[in-house]
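The primary structure of each chain is shown beneath.
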Amino acid sequence: MNVLVVNAGSSSLKYQLLDTDAHAILAKGNCERIGMDRGLFGHSEGGEKVVDETIFTDHRCAIRRVLKLVTEAGFSIDAIGHRIVQGGWHFTDSALVDDEVLAKILEVAPLAPLHNYAEASVIEFCREAYPELPNVAVFDTSFHMSMPAVAYTYALPKDVRDTYHVRKYGAHGTSHRYEWMRAKEILGDRCHRLLSCHLGNGSSLCAIEDGVCRDTTMGLTPLDGLMMGTRCGSIDPATVCYLQREGGYTFDEVDEMMNKKSGLLAISGISSDARDIRAGADEGNEDCLLAFDMFAYKAMQQAASMIASMAGVDTITFTAGIGENDWTIRQAFCQCFEWLGVRVDAEANKAAVGAGPQVISAPDSDVTVMVIPTDEEYMIALDVERLAK
Ligand code: ADP
């Protein structure tokens, strides 16, 4: 089946055309700077890549261009899969889109306004322009809906929780689900309690017991949990009120500060990109060293709470930009869990960079540690195949 996977962000739209039978990418690309002057369109197929400057007035304009190009290039599309950031309280699984599903995506959009409205507009366009094609919505949150109430409930007044649907929703669910699927395929009966570490620009951990999410570090929004590229992660929530009251910051300024100007960027003082910070740390830059130490410390500490929520761990997987590529972070993280019997094979850990699924734990380790490069697009395509067939 040929599935077009669409991942619409606040100002971008990435796509991949996947042949699920051959597990092959037929074409892929990215529309950037949507809604701004000087947009960029990149498209590649069969090793050929084109990039041109263009203007995308909105997301509908971007998806129109993508669909036109893919069909004119002679590819057939059997179905379209849409990554949706927030499924709210409605979705425990991916869903074949009809009017009701679309209405629910819009109903929960206030929880992720920068994403859900854009994603819904892309679905609307696809349904209008290609009414014969099935559309499937795949939610970043649905995997986490299996969390128990003790994990997802916020200790706030009931009327506030009920009226505003305030609770932990988590994110990166498609990636964590992929990690579970691959770990289980590779390890079989040896894998029951998995700690999945998605460490990228956005980072989260997930405790998965026999395929069920027990807890995760992101919360109502992706701001919670680990320290990230530009997000502060968990801090005392009273900081928000204090900055507004004493610092004179507006709501928007605090929102922007905590999402876009904090994390690795704020502590290193130079960049949100782990590679730049690594270079700075190697030159002895104290702020860069602190940024890495804090990143690893907070990841270790929150990982311990994820492990506690499963009452144990037998498998740890690392994925995303930092998790797949930075062996030093993996080593620092795993050394913190030697008391749990985690033993990493130093050579295997260094060699695992960019080399597909790899076991990096030593033979005498009580916990299997792996690097499993995530593939959210493939996971989405599998859901589309399951629901659209
Ligand atoms: P996003 O959340 O935007 O999808 P990614 O998963 O692409 O993020 O991760 C981006 C992060 O991964 C950046 O901090 C980047 O520096 C880091 N990264 C990417 N490649 C490497 C590498 N070879 N070594 C260390 N860090 C890397």
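For the structure itself, look to the data block above.
I will try to describe carefully the structure that is included in this document. Because the structure is a prediction, the values reported are computed rather than measured.

### Digging into the packing of helix 11 (residues 286–310) against helix 13 (residues 327–335)
Here is step 1: Here helix 11 crosses helix 13 at 45 degrees, and the two axes come no closer than 9 Å. Judged by the inter-axis angle, helix 11 sits oblique to helix 13. Between helix 11 and helix 13 lies a crossing of right-handed hand. Across the interface between the two elements, F292, F295, A296, A299, M300 and A303 from helix 11 touch I329, A332 and F333 from helix 13.

### Digging into the site of the ligand
Here is step 1: As a structural note, the neighbourhood of the ligand is formed by G200, N201, G202, S272, D273, A274, R275, A320, G321, I322, N325 and D326.
Here is step 2: Take G202: an N or O atom from its main chain is 3.1 Å from an oxygen atom of the ligand.
Here is step 3: At a separation of 3.4 Å, a nitrogen atom of the ligand approaches a polar side-chain atom of N325.
Here is step 4: Secondary-structure elements contributing two or more residues to the shell around the ligand are helix 10 (274–282) and helix 12 (320–325).
Here is step 5: A per-element tally of the shell around the ligand places helix 12 first, with 4 residues.

### Let's talk about the packing of aromatic side chains
Here is step 1: For the structure shown, the criterion picks out 6 aromatic pairs.
Here is step 2: With centroids separated by 6.0 Å and ring planes inclined at 40 degrees, the aromatic side chains of F337 and W339 adopt a geometry described as tilted.
Here is step 3: Exposure remark for F337: the relative accessible area of 0% places this residue in the buried category.
Here is step 4: Since its relative accessible area comes to 63%, W339 is described here as exposed.
Here is step 5: Among the aromatic residues, those joined into a cluster by ring pairs are F318, F333, F337 and W339.
Here is step 6: One residue, R167, lies across the ring of Y152, its end atom 3.8 Å from the ring centre.
Here is step 7: Against the face of F292 rests R278, its NZ or CZ located 4.0 Å from the ring centre.

### What to know about the pattern of salt bridges
Here is step 1: Taken as a whole and assessed by the stated rule, the structure comprises 19 salt bridges.
Here is step 2: Here E100 makes a salt bridge to K104, at a shortest N to O gap of 3.3 Å. Of this pair, E100 and K104 both sit in helix 2 (residues 99–107), 4 residues apart, roughly one helical turn.
Here is step 3: Of the residues examined, K104 reaches a relative accessible area of 23% and is grouped as partly exposed.
Here is step 4: Of the charged contacts in the structure, one is a salt bridge between K168 and D215, with a shortest N-O distance of 2.8 Å. A residue pair is termed long-range when its members are at least 10 positions apart, and K168 in the loop between helix 5 (158–164) and helix 6 (173–187) and D215 in strand 11 (residues 212–216) qualify at 47 residues. Taken as a pair, K168 and D215 share a single burial class, namely buried.
Here is step 5: Here the salt bridges share partners, and the residues they tie into one network are D93, R177, D383 and R386.

### Let's talk about the pairing of strand 8 (residues 135–139)
Here is step 1: Within strand 8, 5 of the 5 residues are buried, which leaves it mostly tucked inside the rest of the structure.
Here is step 2: Of the two faces of strand 8, both are covered, the one formed by N135, A137 and F139 as well as the one formed by V136 and V138.
Here is step 3: When strand 6 (residues 79–84) meets strand 8, the two strands line up parallel, connected through 5 bridges. Paired with I84 across the strands is F139, a residue of strand 8.
Here is step 4: Looking at chain direction, strand 7 (residues 95–96) and strand 8 are connected through 2 bridges and run antiparallel.

### Quick look at the sheet that holds strand 3 (residues 24–32)
Here is step 1: Pairing within the open sheet is mixed, and its 8 strands lie in the order 5-4-3-2-1-6-8-7. The sheet is open, and its two edges are formed by strand 5 (48–54) and strand 7, each paired on a single side.
Here is step 2: By the bridge criterion, 4 bridges tie strand 1 (residues 2–8) to strand 6 in an arrangement that is parallel. Paired with V5 across the two strands is G81, which belongs to strand 6.

About the cut-offs
- Residues numbered from 1 in each chain as written.
- Predicted model: local features only at pLDDT ≥ 70, side-chain atom pairs only at ≥ 80, totals over all residues.
- Heavy atoms only, no water.
- Axes fitted to C-alpha atoms, helices over the stretch in contact; angles between N-to-C directions.
- Helix = DSSP H or I, 4+ residues; strand = E, 2+ residues; numbered from the N terminus.
- Parallel < 35°, antiparallel > 145°, perpendicular 65-115°, else oblique.
- Left-handed = near helix turned anticlockwise from the far one by under 90°.
- Contact = heavy atoms within 4.5 Å.
- Near = heavy atom within 4 Å.
- Polar contact = N/O pair within 3.5 Å; in protein donor to acceptor, adjacent residues only side chain to side chain.
- Phe/Tyr/Trp six-rings, centres within 6.5 Å; stacked < 30°, edge-to-face > 60°.
- Buried < 20%, exposed > 50% of the residue type's maximum accessible area, 1.4 Å probe, protein only.
- Lys NZ or Arg CZ within 6 Å of the ring centre and 35° of its normal.
- Salt bridge = Lys/Arg side-chain N within 4 Å of Asp/Glu carboxyl O.
- Pairing = 2+ DSSP bridges.

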